[in-house]
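One-letter residues, chain by chain:
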Amino acid sequence: MNTIIQPRAATLALSTERWDDARFDAERARILATWKTGADVDLNDAAAFHRSRAALTNVSRKRAWAKETGNVLLQPYGGVTTLAGQTELIRHVATEGGADIVPTTIDSQTRNLKYAAAGEALKESERQGVELLNGFPIVNHGVANTRQLVQAVDVPVEMRIGTVFPQLAVEIGFAGGMSSVTAGPIYYTAHYSRDTSFAETIPNWQYVFRLIGRYAELGVPIGLQIHGIGTSTPFPNTLLGVCCVLETLIAAAQGARSFSLDARLMGNMVQDVAGVRAIREVAEDYVCGRFGYRDAVITIDRKSWSGRYPEDMARAYGIVCYNAMSGMLAGANEFIANSVQEGVGIPAKESNADTLKAIRQVIGMMKGQHAALQAEPVENEIRLMKLEMNAILDAVLEMGEGDPARATELGFRYGLIDIPFAASRQCKNEVMVARDAEGAVRYLDPGKIPVPPEVLKYHRACLEKRETGRKRKIDYQTIVDDIFSISRGSLVID
Amino acid sequence: MSSDQESTKGTIVTGVIGDDVHVIGIRLMEYALRQNGFTVVSLGPLAQKKEFIDAAIESAADALFISSLNGHAELHIPGLRDTCIEAGIGDILIYAGGQLTIRRPDWEQVRKRFVEELKLDRVYPPDVNPDTPIRELEADIHARRAAKSLKGTA
């Protein structure tokens, strides 16, 4: 028996290749020992707990069922500190708001591995009867409390955790009966960290994906909500699509098979409809086709506007309903719903439930209406988006010699994948966008992103049309106006 | 981080100082600098004094562009000029922009505090058009280089 210390995952060469059992088991022993509640995690016991529950209390099964039956799912955001508070929250949004999947957002102390501080805040919250953290400190709650939580509702629970260190929290969440987690390495590197490199975050998330593979081997499907990339400013959904494909490929290699990919609202109806359809087609092409994961289930969830909201709830309802309407026209499978209190702060459970009811009303009216919404512009936009996503994916995959993890790392390093206004040093931040006359997001400058000439030419023509219309160049102030326009009441302020 | 000073109008180290993560302003400024032919060395959010100085030395930068929106620039900028002097880059141009103080006094008071007392070269309010600092930067760099070459020939 040698006594060589197992190197940290990050020290091994970056590769998409499936982890062997020795590597995973050694890393797992290390992770579970980082906090005392890790000792309660037992994979076989956890799988038995999952199997003992009704089929549709599982996120992955519920998404597959909805896709098959044509049902559209609804999930709000939400996470509070105490078990009692979180139980009340998910019960309320499930029963009163009719949520199909309920969230449990993890607090930022836990996301940054500050378990002792999170534990103090949890104790204080229980003592004072207030919710002091910005989410559910799942590592401190441990497996037993988490099982109590998931059993409080008859809908599945998705864990929402924005971090580059997901391993222990995810272990507790899955062992506690949660059956999906938000992911993955690109999104959380670009937006939840400044310095952490892909060489570290990709292995950290590969751990989660391999754990999902282990659960699958025990007959328990576990889902992923794949974020790709995104900021709180306007950006092309094509960049999100490219990163969703890369994150999905990295996860699939470790054994994950259930993927809900994000598409984000930007405000222009043609582009919002085209985005959902184009991301779905490109993802299915690469994941199920080119890379051969034929049993992967891909659905698209539509996320609402992620920038600033109006403080006025009545106006926020307008955004919420526009999101539902455009998502339904596009054939989205699920809505992840920012509440109408988004512009004010952390929403009360009542406004979360009310928001879900408003979306449900739109879904009810739109269901089955496959309206041909100006078919030609939509089809053209889809064609250009696919052309662009294919060009970027092919360029970075070639750079990474076919390996999606290396393609990610090199793609960002050389700016072939980029996004405006990112916080991370892993992004070059050389790309700049603006809205065209109809509010669609167009490249003002693609930086080093290999946008095909035909796409770039079209984007430039769209921007010139706006400039001609208002008789003014697109300047710095325009870029700023385009970021805040939705909160001010109209998509394009000229 | 890289720079090829020869081919550009100058090298600028940019960043959001201290405990601030608001990047929209500095990203826009970086975009404008590149559009105008400058080389940008970007530190991003949460940049510390030492990071600015290390990056400036490494890239032989002409200027530091410091952004802040959360009002804490007042806590993080004092001592910056002295630290530059100690590091041997005392004459580097230092510009700051954004919401630099928690309270919002008259702009003249902000300017006095940061330029006269803290020895920055120029400060700008949050709504400044990026073209303004760029024109002033071009003039400042031009003047510096002219003075240096004059010194060199003397």
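All of these numbers come straight from a predicted model, not from anything done at the bench.

**Points about the overall build of chain A**
Secondary structure summary: chain A contains 18 helices and ten strands in total. Its C-alpha atoms give chain A a radius of gyration of 22 Å, within 12% of the compact-globule value 23 Å for 494 residues. Its C-alpha atoms put chain A at 70 × 50 × 40 Å along the principal axes. Taken across its 494 residues, chain A has 62% of its residues classed as buried. Counting contacts in chain A only where the partners sit at least 6 residues apart, residues at least 24 apart contribute 75% of the total. For chain A, the computed accessible surface area is about 18,200 Å², with 52% contributed by carbon and sulfur atoms. One finds the centroid of the 54 positive side-chain charges in chain A at a distance of 1 Å from the centroid of its 58 negative side-chain charges.

**Looking at empty space enclosed by the protein**
Residue and element names in this part refer to chain A. Per the counting criterion, the structure on display carries five cavities of 30 Å³ or more. Roughly 80 Å³ of volume is contained in the largest cavity. If you trace the largest cavity, you find 15 residues lining it, with Thr238, Gln271, Glu381, Met385 and His459 closest to the centre. Contributions of two or more residues to the lining of the largest cavity are made by α11 (237–253), α15 (375–399), β10 (441–445) and α17 (453–470). No other element matches the four residues that α15 contributes to the lining of the largest cavity. Looking at the lining of the largest cavity residue by residue, the classes come out as eight nonpolar, four polar and three charged. The calculated volume of the second largest cavity comes to roughly 50 Å³. Of the residues belonging to the lining of the second largest cavity, the class tally is two nonpolar, four polar and two charged.

**So, the pairing of strand β3 (residues 157–160) of chain A**
Residues and elements named next belong to chain A. By the alternation rule, side chains of β3 split into Val157 and Met159 and Glu158 and Arg160, which are all buried. Bridge analysis of strand β2 (residues 102–105) against β3 gives four bridges, and the strand direction is parallel. Within the sheet, the bridge partner assigned to Thr105 lies in β3 and is Arg160.

**Brief notes about the confidence of the model for chain B**
All names here are of chain B. Summarising the model, chain B shows a mean pLDDT of 89, and 94% of its residues fall at 70 or more. Looking over chain B, one finds the lowest element-wise mean pLDDT in helix α3 (residues 73–76), namely 87, and the highest in helix α4 (residues 80–86), namely 97. Low confidence marks residues 1–5, where pLDDT is under 50. Its contacts with residues over four positions away, or in another chain, come to 14 contacts. Interface scoring of the predicted complex returns ipTM 0.81; its pTM is 0.90.

**A closer look at helix α4 (residues 83–96) of chain A**
Residues and elements named next belong to chain A. For α4, built from 14 residues, the straight-helix expectation of 20 Å at 1.5 Å per residue is met to within 8% by its first-to-last C-alpha distance of 19 Å. Within α4, burial applies to Leu83, Gly85, Gln86, Thr87, Leu89, Ile90, His92, Val93 and Ala94. Of the surrounding secondary structure, the elements contacted by the buried residues of α4 are β1 (73–76), β2, α7 (138–150) and α14 (349–366). Once α4 ends, the next one or two residues include Gly98, with phi positive near 70°.

**Remarks on the nonpolar core**
Formed by 139 residues in total, the largest nonpolar core has its most connected members in Leu224 and Phe259 of chain A. The greatest single-element share of this core, amounting to twelve residues, is contributed by α11 of chain A. In this structure, Leu224 of chain A is in contact with Arg63, Ser180, Val181, Ala183, Phe209, Ile212, Ala251, Ala256, Ser258, Phe259 and Ser260 of chain A, ignoring residues within four places of it in sequence. Judged by nonpolar contacts, the second largest core, of 27 residues, contains Ile17, Val41, Ile94 and Val123 of chain B.

**Focus on unusual backbone geometry**
For the bond from Ala183 of chain A to Gly184 of chain A, the omega torsion is 20°, close enough to zero to count as cis. Along the polypeptide, Gly184 of chain A turns up in the loop between β4 (180–183) and α9 (185–191). In the Ramachandran plot, Asn429 of chain A falls in the positive-phi region, its phi being about 60° despite a non-glycine side chain. Of note in the backbone geometry, Ala60 of chain B takes a positive phi value of approximately 50° without being a glycine. Summarising the element assignment, Ala60 of chain B is placed in the loop between α2 (49–59) and β3 (63–68). Accessibility expressed as a relative area gives 42% for Ala60 of chain B, which makes it partly exposed.

**Digging into the side chain of Glu27 of chain A**
Residues and elements named next belong to chain A. For Glu27, the location among the structural elements is in helix α1 (residues 21–32). Judged by its relative accessible area of 4%, Glu27 falls in the buried class. A polar side-chain atom of Glu27 sits 2.9 Å from a polar atom in the side chain of Arg30.

**A short note on the interface of chain B and chain A**
Contacts between chain B and chain A engage 17 residues on the former and 18 residues on the latter. Taken as a group, Ile24, Arg27 and Tyr31 of chain B account for 40% of the area that chain B buries against chain A, more than any other trio of residues on that side. In this structure, the connection of chain B to chain A is made through two salt bridges. Note that Arg194 of chain A and Glu51 of chain B form a salt bridge whose closest N and O atoms lie 3.1 Å from each other. At seven residues, helix α1 (residues 24–35) of chain B tops the list of elements feeding residues into the side of chain B that touches chain A. Along the lines of polarity and charge, the residues of the side of chain B that touches chain A split into ten nonpolar, three polar and four charged.

**A look at the sheet that holds strand β4 (residues 93–98) of chain B**
Residues and elements named next belong to chain B. The sheet built from five strands is open, its strands ordered β2-β1-β3-β4-β5 with parallel pairing. In this open sheet, the two strands that pair with only one neighbour each are β2 (39–42) and β5 (122–124). Put simply, the sheet's adjacent strands are angled 20° from each other on average, direction ignored. With six bridges connecting them, β3 and β4 associate as parallel partners. Directly across from Ala63, in β4, lies its bridge partner Leu93. Lying on the sheet, α2 is in contact with β1 (11–16), β2 and β3; it crosses β1 at an angle near 165°.

So, how was this worked out
For every chain, the first residue of its written sequence is number 1, and the numbers climb from 1 along that sequence. Numbering of ligands from 1 and lettering of chains from A proceed in the order in which they are written. Restriction of local features to residues with pLDDT of at least 70 applies here, the model being predicted, together with a cutoff of 80 or more for giving and counting side-chain atom pairs; totals for whole chains, interfaces and linings are based on all residues. For the side-chain quantities, the full set of heavy atoms in the structure was used; hydrogens and water were omitted. Strands are runs of DSSP state E lasting at least 2 residues, helices are runs of H or I lasting at least 4, and numbering of each runs from the N terminus. Computation of the radius of gyration draws on C-alpha atoms alone. For the globule rule, the value is 2.2 Å times the number of residues to the power 0.38. Buried residues are those whose accessible area, probed at 1.4 Å on protein chains only, stays under 20% of the maximum for their type, while exposed residues exceed 50% and partly exposed ones sit between those limits. By definition in these notes, contact holds between two residues if any of their heavy atoms fall within 4.5 Å. Accessible surface is estimated by sampling points in the Shrake-Rupley manner with a 1.4 Å probe; for residues, cover comes only from the protein chains shown. We treat Lys and Arg as the positive residues and Asp and Glu as the negative residues; His and chain ends play no part in the count. Where a charge sits is defined by one atom per residue type, namely NZ (Lys), CZ (Arg), CG (Asp) or CD (Glu). A cavity here means a set of points on a 1 Å grid, drawn over the protein atoms and nothing else, where a 1.4 Å probe fits but cannot get out; a pocket is an open set with protein on both sides within 12 Å along at least five of seven lines, and a residue lines either one if it has an atom within 4 Å of a point. Grid points are joined across faces, edges and corners, and a volume is the space filled by probe spheres set on the points. Here the term charged refers only to Asp, Glu, Lys and Arg, the term nonpolar to Ala, Val, Leu, Ile, Met, Phe, Trp, Tyr, Cys and Pro, and the term polar to all other amino acids, Gly among them. By definition, two strands form a pair when at least two bridges between them are found by DSSP. A score from 0 to 100, pLDDT tells how confident the predictor is in each residue. Here the expected length of a helix is defined as 1.5 Å per residue gap, with one fewer gap than residues. As used in this record, nonpolar core signifies buried Ala, Val, Leu, Ile, Met, Phe, Trp, Tyr and Cys residues forming a set joined through side-chain atoms within 4.5 Å. N or O atoms within 3.5 Å of each other form a polar contact, as long as, within protein, one can give a hydrogen and the other can take it, and as long as residues adjacent in sequence are counted only when both atoms are side-chain atoms. Buried area adds together the accessible area that both of two parts lose upon being put together, with accessible area traced by a 1.4 Å probe. Criterion for a salt bridge: a side-chain nitrogen of Lys or Arg within 4 Å of a carboxyl oxygen of Asp or Glu. Here an axis means a line fitted to C-alpha atoms, over the contact stretch when the element is a helix, while the angle between two N-to-C directions is reported on a 0 to 180 degree scale.

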